[in-house]
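# Architecture and fold: a report
Here are the chains, one letter per residue:
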Amino acid sequence: MRQRAEWMKPADDAILEYTRDAGEVPPAVIARNIDMHRNYAGQRCLELAKYGLLEKHEGGYYRLSDLGREYLDEELDADDLEPDDS
């Protein structure tokens, strides 16, 4: 079972799973495909990137990181992640 951190929301797994399958995508596309408001998807993508589960690329696109892949594969406890506040 995936070890979700306290800061994570139920929608985060869906976002991570979608980006794993879709590749590099903007939050609006993620939102449309997982039935979520695009502003909320954008907020969650920022938070997931802050903890290293997503990588933010040029133009506001996001891609699943190696840590994100480890989390989805149940090889990583998200509670062990520290935020990058830079």
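For the structure, see preceding data.
What follows covers the overall build of the protein chain. Helix and strand counts for the protein chain stand at 4 helices and 2 strands. Reading the secondary structure of the protein chain in the N-to-C direction produces α-α-α-β-β-α. Compactness check: the protein chain gives a C-alpha radius of gyration of 12 Å against a globular reference of 12 Å for 86 residues, within 12% of the reference. When the backbone C-alpha atoms are referred to their principal axes, the protein chain occupies close to 30 × 30 × 20 Å. When contacts within the protein chain are restricted to residue pairs at least 6 apart in sequence, long-range pairs at least 24 apart make up 56% of them. When the accessible surface of the protein chain is split by element, carbon and sulfur atoms take 41% of a total near 5,200 Å². The centroid of the 11 positive side-chain charges in the protein chain is displaced by 8 Å from the centroid of its 21 negative side-chain charges.

The next subject is the pattern of salt bridges. A complete count under the given rule lists 6 salt bridges for this structure. The shortest N-O distance in the salt bridge between Glu17 and Arg2 comes to 2.6 Å. One end of the pair, Glu17, is in helix H1 (residues 10-22); the other, Arg2, is in the segment before H1, with 15 residues separating them in the sequence. Given the relative accessible area of 22%, Arg2 is considered partly exposed. A salt bridge links Arg20 to Asp21, with the shortest nitrogen-to-oxygen separation between them at 3.7 Å. What emerges from the salt-bridge pattern is a single network uniting Arg2, Arg4, Asp13 and Glu17.

Right, let's get into the packing of H1 against helix H3 (residues 38-50). Where H1 meets H3, the axes come as close as 10 Å, and the angle between the chain directions of the two elements is 80 degrees. Comparing their axes, H3 and H1 come out roughly perpendicular. Along its contact with H1, which presents Ala11, Asp12, Ile15 and Leu16, the element H3 presents Tyr40, Ala41, Arg44, Cys45 and Leu48. Taken together, the residues of the contact of H1 with H3 break down into 7 nonpolar, no polar and 2 charged.

Moving on to the packing of aromatic side chains. For the coordinates displayed, the defined rule picks out 1 aromatic pair. Here Trp7 and Tyr51 contribute two aromatic rings whose centre-to-centre distance is 3.8 Å and whose plane-to-plane angle is 10 degrees, an arrangement assigned as stacked. Taken together, the positions of Trp7 in the segment before H1 and Tyr51 in the loop between H3 and strand S1 (54-57) put the pair 44 residues apart, joining distant regions of the chain. Per residue, the accessibility class of Trp7 equals that of Tyr51, and both read buried.

Further remarks concern the side chain of Thr19. Structurally, Thr19 is set in helix H1. A polar atom in the side chain of Thr19 sits 3.0 Å from the backbone oxygen of Leu16. What Thr19 contacts, discounting residues up to four positions off in sequence, is Val25, Ile30, Leu54 and Leu64.

Parameters and conventions
- Residues numbered from 1 in each chain as written.
- Predicted model: local features only at pLDDT ≥ 70, side-chain atom pairs only at ≥ 80, totals over all residues.
- Heavy atoms only, no water.
- Helix = DSSP H or I, 4+ residues; strand = E, 2+ residues; numbered from the N terminus.
- Rg over C-alpha atoms; globule rule 2.2 N^0.38 Å.
- Contact = heavy atoms within 4.5 Å.
- Areas by Shrake-Rupley, 256 points an atom, 1.4 Å probe, with all protein chains shown as cover.
- Lys, Arg positive; Asp, Glu negative; His and termini not counted.
- Charge placed at Lys NZ, Arg CZ, Asp CG, Glu CD.
- Salt bridge = Lys/Arg side-chain N within 4 Å of Asp/Glu carboxyl O.
- Buried < 20%, exposed > 50% of the residue type's maximum accessible area, 1.4 Å probe, protein only.
- Axes fitted to C-alpha atoms, helices over the stretch in contact; angles between N-to-C directions.
- Parallel < 35°, antiparallel > 145°, perpendicular 65-115°, else oblique.
- Nonpolar A, V, L, I, M, F, W, Y, C, P; charged D, E, K, R; others polar.
- Phe/Tyr/Trp six-rings, centres within 6.5 Å; stacked < 30°, edge-to-face > 60°.
- Polar contact = N/O pair within 3.5 Å; in protein donor to acceptor, adjacent residues only side chain to side chain.

Any functional reading would require information that these geometric values do not contain.
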